[in-house]
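# Survey of secondary and tertiary structure
Letter by letter, the chains look like this.
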Amino acid sequence: MSGFDTFVMVDWSGGNDTGKTPRQDAIWACIARLGRAEKPRYLRNRGLAEAWLGEFFEAERAAGRRVLAGFDFPFGYPAGFAAAVTGQDDPFALWDWLETRIEDASTANNRFDLAAEINLQVGGQGPFWFNGLKRDIHGLPRTKSGYRNPFPDRRLAEERAPGAFSCWQLGGTGAVGSQVLMGLPVLARLRRRFGAAVWPFEPLRTPLAFVEIWPSLTLGAAPKGQIKDAWQVSEIARMMSSLDEDALDRMLNVTAPEEGWIFGLGHEDELREAAAQPPRLTNDCFALPPGVHWTPVQETLELLKERLSPVAAVEHLPVTDATGRILASDVTALRSNPPLPNTAVDGYGFAGGRPAGVHRLPLAEGRAAAGDSPGVLPAGSAVRILTGAALPEGVDTVVLQEDVTVADGKIAFHGPVKAGANTRRAGEDVVAGETALTEGTDIGPAQAALLSAVGVAEVAVYKPLRVAILSTGAELVEAGDRAAPGQIYDANRPMLVEMVRRFGYQAIDMGRVPDDRAALAARMDAASKTADLILTSGGASSGDEDHVSALLAEAGAMTLWRIAVKPGRPLALGMWSGVPVFGLPGNPVAAMTCALIFGRPAMARLSGRAWQVPQGFDVPAAFTKKKKNGRTEYLRARIRDGQAEVFASEGSGRISGLSWAEGLVEMPHEALEITPGTPVRYIPFGSFGL
Ligand code: AMP
Ligand code: MG
């Protein structure tokens, strides 16, 4: 039933034009797709809002996108009201009734008069109350004194939503009554014009649907400095567009025929959780510019870097549990390192440097040790001080104990000693308030030390990237099983599973699938439910039995990346149910090389890691090779006696060469002639995280 492409959330207003400068209590709208919200739009009056919504719905219709539009006011009144006013208990009868009667100019409207008219029609002191105008209006009480409401005060939905306002109250902080009166006529027109379906009164089968929202249901206060209404529409739009189809369907499954309902009521936690998820990738994230044939490796990497973004969820962990994870936000030092000036050595501290010559200073009582809070040293004397101790007041220089003799309550040493010698300045390493580590950093032992030193005990980290690994091919059997003639053992899966683990991600073994499209689709469905990335091998090219690329192409979200690389075949990059798919070639040598060169940095981006460039170095070649222009080549290599030797055969079926090698020699795109001694770039497997 759902399957919406675009979400637009609108914070409505019952008041008049709010002026040029964006401000609260105006109309705000925000568009979101796939968990990414655009900049909120400021719409200063209803006329502009209706015009903009009309244009937007037109454009989305033309683009073939389904739109779910949310408005933050009730779509229905408490039971009995529609019938009392229109003679029918049909909410749309009321929408149309209001539409023919509400007069709306940007600076004035007749909402209070119409409310009074309704009050008189249904018998007097209510249901509407509050008059925002100076003049008294017959039939519209200004306050609730003497108020008598023939209808329920609240809708069922409002009874369940603490803090929700009654739609009878036409003004005052938080009141929603005017928004309903001024909003329903606009919705009535848009509904008619676009054939929109309205939730929960109608099934949502149309290209445009309206839902009632109430941002306060799930959102707290806006961050400091942001306009509340603008922030709310952006958050709600992002939240709703983050929901998967099943969740959205469940939340839309509501029966409330006359009064309507508030979207998400009873699903608040799930909605907040969806909003905490990172944005999904778009279906066209792997699209290549038209006319591209062979993409050089460097360009391919730049495309991946630009197109991919973190898809792993974020959680907060104590630093001690966060090692092995990736920082999801910059970390600010809470304390300087060192927090106070201290001594780097065991020795004697005093004030100021000393010139050449012998110096004698009276030795003060006691000592300063690490952990002591700094005392005060009388001027002209010295104090015994131990490594790590904060410098007492009156000490800025320390002389090494080995250079000092102590006798008769005095110390003696030879100058010169520079002022500040053997001490560390406060904050010389890190200053409190500075960024200690940036988003995307791997938290290893060194980072755990730094975070702790600057007083950070808890950090936001990405959850480990979940990578589903799947082999495809009718010829594959499991190692150890009986292999019929024509069958081979699946070598890629064990290799890729271990690679993914060594990269630091969670490998999910999804087994093997024969060359059968339905079976492959079913396996990919299963993988897309548990993984953030699907890594397949085999069937990625454009032949008859290349079902990975065929399926992704059918799903309308695949690009065959023909990369100027050897070894390598085309990579099939696409999306399956919102999850990126990396279709590696079947050949194990090509699969491993492509996984190292393209898969690893792609996974890094998806996992939240900073972009990774494997560090190599130049070594003299121990081999001879003539290389053509026009593609980058990777040779299985290792270093012996300071020289890079390469595997005897470049044959891409030679799995043994992968074991023989300890790294790769990277040969640039251009033509090259290599003889023994020519420097070549060697990248050890360790640089790839293996
Ligand atoms: P494909 O990319 O499916 O055309 O496969 C290319 C070559 O790699 C064929 O010779 C396949 O038999 C072989 N191959 C595909 N998948 C695997 C695998 N998982 N293990 C070993 N060889 C494979
Ligand atoms: Mg195959």
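All figures in this text were calculated on a predicted structure; none of them were measured in a lab.

## What about the packing of helix H3 (residues 91-101) against helix H4 (residues 111-122)?
Relative to each other, H3 and H4 sit at 125 degrees, their axes nearing to 11 Å. With respect to each other, H3 and H4 are oriented oblique. The crossing of H3 and H4 is right-handed. Within the contact between the two elements, H3 uses Trp97, Leu98 and Arg101 and H4 uses Leu114, Ile118 and Gln121. Across the contact of H3 with H4, the residue classes tally to four nonpolar, one polar and one charged.

## What about the sheet that holds strand E16 (residues 405-407)?
Whenever strands of a sheet pair, they do so through backbone hydrogen bonds, lying parallel or antiparallel. Pairing within the open sheet is mixed, and its six strands lie in the order E15-E12-E14-E13-E17-E16. Of all strands in the sheet, those bounded by a partner on one side alone are strand E15 (397-400) and E16. The sheet shows a mean angle of 40 degrees between the axes of neighbouring strands, direction not considered. Across three bridges, the pairing between strand E13 (residues 354-368) and strand E14 (residues 382-385) is parallel. In the strand pairing of E14, Ala368 is matched with Ile385.

## Some remarks on the packing of helix H13 (residues 492-503) against helix H16 (residues 588-607)
It is at 11 Å that the axes of H13 and H16 come closest, and there the two elements cross at 25 degrees. When the interaxial angle is binned, H13 and H16 end up roughly parallel. For H13 against H16, the interelement crossing comes out right-handed. Residue-level contacts link Asn492, Met495, Leu496, Met499, Val500 and Phe503 of H13 to Pro588, Ala591, Met592, Ala595, Leu596, Arg600 and Met603 of H16. Class assignment of the residues belonging to the contact of H13 with H16 gives a composition of eleven nonpolar, one polar and one charged.

## Focus: the pattern of salt bridges
Under the criterion given, the structure shown has 39 salt bridges. Residue Glu235 pairs with Arg238 through a salt bridge whose shortest N-O separation is 3.2 Å. With Glu235 and Arg238 both in helix H7 (residues 228-242), this residue pair falls three residues apart, about one helical turn. On the basis of relative accessible area, Glu235 is assigned to the buried category, the value being 17%. Between Arg307 and Glu306 there is a salt bridge, with its nearest N and O atoms 3.9 Å apart. Taking the relative accessible area as the measure of exposure, Arg307 reaches 23% and is therefore partly exposed. The class for Glu306 is exposed, based on a relative accessible area of 60%.

## Considering H3
A large share of H3 lies buried, amounting to eight of its eleven residues. Burial in H3 covers these residues: Pro91, Phe92, Ala93, Leu94, Trp95, Trp97, Leu98 and Glu99. Elements in contact with the buried residues of H3: helix H2 (81-86), H4, helix H6 (177-194) and strand E6 (197-198). Residue Asp90 occupies the N-cap position of H3, its side-chain oxygen lying 2.9 Å from the main-chain nitrogen of Phe92.

Rules behind the numbers
Residues numbered from 1 in each chain as written. Chains lettered and ligands numbered in written order. Predicted model: local features only at pLDDT ≥ 70, side-chain atom pairs only at ≥ 80, totals over all residues. Heavy atoms only, no water. Axes fitted to C-alpha atoms, helices over the stretch in contact; angles between N-to-C directions. Helix = DSSP H or I, 4+ residues; strand = E, 2+ residues; numbered from the N terminus. Parallel < 35°, antiparallel > 145°, perpendicular 65-115°, else oblique. Left-handed = near helix turned anticlockwise from the far one by under 90°. Contact = heavy atoms within 4.5 Å. Nonpolar A, V, L, I, M, F, W, Y, C, P; charged D, E, K, R; others polar. Pairing = 2+ DSSP bridges. Salt bridge = Lys/Arg side-chain N within 4 Å of Asp/Glu carboxyl O. Buried < 20%, exposed > 50% of the residue type's maximum accessible area, 1.4 Å probe, protein only. Polar contact = N/O pair within 3.5 Å; in protein donor to acceptor, adjacent residues only side chain to side chain.

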